[in-house]
Amino acid sequence: MAGIGFQLKKMFNGRGLLANIRAYGYSAIVTVGPLALCILLMTVAQQLLLYTKAPYGERELFLAASEYALIFSQIITGGFSFTVSRYVSDQIFIEKYENILSSMYGVIGICVTIGGICAFLFLAGSPLDLTFKFMSYIFFIELIIVWIQCIYVSALKDYMKIVKSFAVGVAISGIAIFICTYFFHLNSAVVMITCLDIGFFFMIVRFTKYIRLFFKVNNYQYFNFLVYLKKYPILFLCGFLYTLGLYGHNLIVWQGNLQHVVADTFVIAPFYDVPVFYAYLSVLPAMVLFVVSLETNFYTAYKTYYNRILNSSPLKDILLAKKDMFKILSLELTFIAEIQLIMAILSVALGLKFLPLLGMSFDQIQIFIILVLGYLFFIIMYTIVLLLLYYDDQRGANWTVVIYTVGSMVLTLLSFLFDINGFSVFIAAFISLLFGLRKLTNYLNNIDYYTFCSQPLIAKEKND
């Protein structure tokens, strides 16, 4: 993530438990904070609608609209997230900060235009109330902006401002929901969506303020970052396919026998979507821990190895640095796998105990267990993808993601024939994990070749 490593290393350099807590807290906020916040607010609003005995149709409509906004906002911004993160990191490294603020406006402009047109066309023919359509549209656009801003927020040095922005945003939406439901007895879907709009709007304003205070110069070159789309097209494709892979199996299930149409507009499959939602929560802690380990322990060894090569250090020192890098890489991968295994076991145990209390059936809990095990392989696969990108093996990373995304969607389609749900994620994640491990192992075994021999002897400049 753009710039997060610089701040994390400073925090971990401080001694004591408090410094480590601050570092993990910062990583959690910028890594899974936006998604966790969105899920939290949606869950709270849904439970309040249930508690206040809102009509079933209103609860169903709110769930469908918020789910669509969450999924498709991430799909639209997914490809840009990888590319722009690389662009921002490079600009920070070469200290061309004037390019960063303008690029944020450019990315937001492109994604909002694409998402806005798609959402307008989708809602135009809907029989829903105009007010609800407008508020849902605003929520969708706000999520697009928040996902993009999070790339830039990760480069800010004052993580407490980020924490406060999230906390206040949650509080504003939560208080608004509470007031509307308990004092004014307004428990409709449009009211819940409006409350979410208010909280996320505040967050966008605060993030924009902090980003502009940190990156003070705007050179008005809003679309310079598009050069990176041409320079790293595989990176864009990898980001898009990764995001599509998160929800592609849901999109396929929506077309099957579990399909449920809400208000003649939204096609969902609550029987499958709910277990997916709870299973996905099991990978969030591992994502946070991985960002910390990657940007601190591994990056230090990685940088040492390549610095010794660039500085023409003795061969003995280079080989020693390579050995240390391999050792730390192995330890970090093992650590992530162990943590996720523990989280999977814990999630299954808690799921068996508490999910029935939330109204989930035995068949849904079975799907949940299979998905938790599938996400165990998925998060390790995702870790390997990021490591391949660290070594600039973009093709290896992209093919690993392609195998998972295409595999999970095709297998989900085939599962209709056998009425087996959940196994598509499990199988696709396992196969893509094996492929990714093979690609990473092959790269590391031949790292000397890729480092010393794969570069061109004479640099060539391309004439645009």
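Nothing here was measured: the structure is a model prediction, and the numbers come from that model. (Residues numbered from 1 in each chain as written. Predicted model: local features only at pLDDT ≥ 70, side-chain atom pairs only at ≥ 80, totals over all residues. Heavy atoms only, no water.)

## Structural notes on the confidence of the model for the protein
Scored by pLDDT, the protein comes out at a mean of 85, with 86% of its residues at no less than 70. Per-element confidence in the protein ranges from a low mean pLDDT of 51 for helix H1 (residues 4–13) to a high of 95 for helix H4 (residues 98–124). Contacts for the low-pLDDT stretch residues 1–6, under 50 throughout, to residues beyond four places or in other chains number 23 contacts. (pLDDT = per-residue confidence, 0-100. Helix = DSSP H or I, 4+ residues; strand = E, 2+ residues; numbered from the N terminus. Contact = heavy atoms within 4.5 Å.)

## Remarks on the packing of aromatic side chains
Across all of its chains, the model carries 34 aromatic pairs by this definition. The ring of Tyr228 carries the charged tip of Lys231 above its face, separated from the ring centre by 5.5 Å. (Phe/Tyr/Trp six-rings, centres within 6.5 Å; stacked < 30°, edge-to-face > 60°. Lys NZ or Arg CZ within 6 Å of the ring centre and 35° of its normal.)

## Remarks on the environment of Phe326
The residue Phe326 is located in helix H12 (residues 315–354) in this model. Of the residues examined, Phe326 reaches a relative accessible area of 26% and is grouped as partly exposed. In this structure, the C-alpha to C-alpha distance between Phe326 and Ala301, residues 25 residues apart in sequence, is 8.7 Å. Ignoring sequence-local partners within four residues, the contact set of Phe326 consists of Leu444 and Ile447. (Buried < 20%, exposed > 50% of the residue type's maximum accessible area, 1.4 Å probe, protein only.)

## Quick word on the packing of helix H9 (residues 233–253) against helix H10 (residues 270–280)
One can describe the packing of H9 onto H10 by two numbers: an axis separation of 10 Å at closest approach and a directional angle of 170°. Judged by the inter-axis angle, H9 sits roughly antiparallel to H10. Between H9 and H10, the residues in contact are Leu246, His249, Asn250 and Val253 and Tyr272, Asp273, Val276 and Tyr280, respectively. Class assignment of the residues belonging to the contact of H9 with H10 gives a composition of 5 nonpolar, 2 polar and 1 charged. (Axes fitted to C-alpha atoms, helices over the stretch in contact; angles between N-to-C directions. Parallel < 35°, antiparallel > 145°, perpendicular 65-115°, else oblique. Nonpolar A, V, L, I, M, F, W, Y, C, P; charged D, E, K, R; others polar.)

## Quick look at unusual backbone geometry
Although it is not a glycine, Glu95 adopts a positive phi angle of roughly 60°. By secondary structure assignment, the location of Glu95 is in the loop between helix H3 (56–93) and H4. The exposure class assigned to Glu95 is exposed, which follows from its relative accessible area of 57%. In this model, Asp392 sits at a positive phi of 65°, which is unusual for a non-glycine residue. Locating Asp392 in the fold gives a position in the loop between helix H13 (362–390) and helix H14 (394–418). Owing to a relative accessible area of 43%, Asp392 belongs among the partly exposed residues under this scheme.

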